[in-house]
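Summary of the model geometry
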Amino acid sequence: MKLNCLIVDDEPLARKGMEEYVKEITFLQLAGSCENAVRASDYLNEGKIDLMLLDIQMPKLSGIEFLKTLKNPPLVIFTTAFSEYALESYSLDVIDYLVKPIPFDRFLKAVQKAFDFHTLKLKASNEAEDFFFIKCDHKFEKVNFSDVLYVESMQNYSIIHTPDRKMITYITLTGLEEQLPAARFLKVHKSFIVSLEKVSALDGNDILIGNARIPISRGIKDEVTAKIMGNHLFKRS
């Protein structure tokens, strides 16, 4: 899992420095970088942003003023050359407050905090919800997470396989991956997501779920194997 990260800062050098930091951290994905709140609004409206690295002192609309306008803001880390805004910023429930120039170790500590918070939030959400709804055959159908065996991509559609039926929905595999609980489901191939608890066997480069044989992408075979088996593999002593 990666956090989609947006950098908002009116200083080009500051943006470039944080872009380089973001690219060094494996759990961050740079979704965008812009110079003001207006452009940041476009990014927030266009796609899913998990974390915003937000400068405070910007022309027309400060980072604090901008954050106050957002109804459902992403996680926020303030970045600024001034320390006097710290108290006000924490009243807005930001994750952290970084004072420029920002050392890499301090940056890493802040984004790790954001990642940990995001992970806990997802876990709590997943534990609280046992089902979801999808649009299928012109109606909204309830699907229990525990009934899903695997999901198969079909261009802009996805096929959700359960023990007794197949449901076709107009959602891409990427769209479903973003919404399915990461603790229970894993993308193992560009065309397949599997339910971890439904895997019955690993056979070479394939996953077996019931009578279905699902391929594993070669580049992530070790990662997929580790995720599925965890510490449950009994070894010969």
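Placed above this text is the structure.
Notes on the structure follow. (Residues numbered from 1 in each chain as written. Predicted model: local features only at pLDDT ≥ 70, side-chain atom pairs only at ≥ 80, totals over all residues. Heavy atoms only, no water.)

Overview of the pairing of strand 1 (residues 3-8)
Counting buried positions along strand 1 yields six of six residues, so the element is predominantly enclosed. Where strand 1 and strand 2 (residues 28-34) come together, six bridges link them in parallel fashion. Bridging across to strand 2, Ile7 finds its partner in Ser33. Taken together, strand 1, helix 1 (residues 12-24) and strand 2 form a β-α-β motif whose crossover is right-handed. In the sheet, strand 1 pairs with strand 3 (residues 51-55) via four bridges, with the strands oriented parallel. (Buried < 20%, exposed > 50% of the residue type's maximum accessible area, 1.4 Å probe, protein only. Helix = DSSP H or I, 4+ residues; strand = E, 2+ residues; numbered from the N terminus. Pairing = 2+ DSSP bridges. Right-handed = clockwise from strand over helix to strand, strands pointing away.)

What to know about helix 2 (residues 37-46)
When we look at burial in helix 2, the residues that qualify are Ala37, Ala40 and Tyr43. End-on view of helix 2: buried residues confined to an arc of 110°, all on one side of the axis. Exposed and oriented more than 90 degrees from the buried face of helix 2 are Val38, Asn45 and Glu46. Elements that come into contact with the buried residues of helix 2 comprise strand 1, strand 2 and helix 3 (63-69). The opening residue of helix 2, the one whose side-chain oxygen lies 3.2 Å from the backbone nitrogen of Val38, is Asn36. (Arc of directions from axis to C-beta. Contact = heavy atoms within 4.5 Å. Polar contact = N/O pair within 3.5 Å; in protein donor to acceptor, adjacent residues only side chain to side chain.)

Looking at the side chain of Thr162
Looking at the secondary structure, you find Thr162 in the loop between strand 9 (157-161) and strand 10 (166-169). Of note is the side chain of Thr162, whose polar atom sits 3.0 Å from the side chain of Asp164. Discounting residues that sit within four places of it in the chain, Thr162 has contacts with Asp147, Val148, Leu149 and Met167.

Examining a nonpolar patch on the surface
On the surface, a nonpolar cluster with roughly 410 Å² of combined accessible area is contributed by Met154, Tyr157, Ile168 and Tyr170. Position of Ile168 relative to the elements: it lies in strand 10. (Patch = residues over 30% accessible without salt bridge, like charges linked within 9 Å, V, L, I, M, F, W, Y side chains within 5 Å. Areas by Shrake-Rupley, 256 points an atom, 1.4 Å probe, with all protein chains shown as cover. Salt bridge = Lys/Arg side-chain N within 4 Å of Asp/Glu carboxyl O.)

Thoughts on the sheet that holds strand 3
With parallel pairing, the five strands of this open sheet are ordered in space as 2-1-3-4-5. Two strands in the sheet have a free side with no partner beyond their single neighbour: strand 2 and strand 5 (96-99). The sheet shows a mean angle of 20° between the axes of neighbouring strands, taken without regard to direction. Packed onto the sheet, helix 1 meets strand 1, strand 2, strand 3 and strand 4 (75-80) and runs at close to 165° relative to strand 2. Its contacts with the sheet place helix 2 against strand 1, strand 2 and strand 3, and it is angled at close to 140° to strand 2. (Axes fitted to C-alpha atoms, helices over the stretch in contact; angles between N-to-C directions.)

Points about the nonpolar core
Counting residues in hydrophobic clusters, the biggest one holds 20 residues, and the most contacted among them are Leu28, Leu51, Leu53, Ile77, Phe107 and Val111. Where this core is concerned, the elements lending two or more residues are strand 1, helix 1, strand 3, strand 4 and helix 5 (104-128). Dropping the residues within four chain positions of it, Phe107 is found in contact with Met18, Tyr21, Val22, Ile25, Leu28, Leu53, Leu98 and Ile102. Formed by 18 residues, the second largest nonpolar core is a distinct cluster that contains Cys34, Tyr43, Phe66 and Leu67. (Core = buried A, V, L, I, M, F, W, Y, C linked by side-chain atoms within 4.5 Å.)

Looking at the packing of aromatic side chains
If you walk through the whole model with that rule in mind, you get eight aromatic pairs. When the centroid spacing of 4.7 Å and the interplanar angle of 35° are considered together, the rings of Phe27 and Phe115 count as tilted. A residue pair is termed long-range when its members are at least 10 positions apart, and Phe27 in the loop between helix 1 and strand 2 and Phe115 in helix 5 qualify at 88 residues. Like Phe27, the residue Phe115 is buried in the burial classification. Here the aromatic residues Tyr21, Phe104 and Phe107 are joined through ring pairs into a cluster of three or more. Here Arg39 stacks its cationic end above the ring of Tyr43, 4.4 Å away from the centre of that ring. The residue whose ring lies beneath Lys142 is Phe131, and the NZ or CZ to ring-centre distance is 4.4 Å. (Phe/Tyr/Trp six-rings, centres within 6.5 Å; stacked < 30°, edge-to-face > 60°. Lys NZ or Arg CZ within 6 Å of the ring centre and 35° of its normal.)

In short, shape yes, function no, at least from these values alone.
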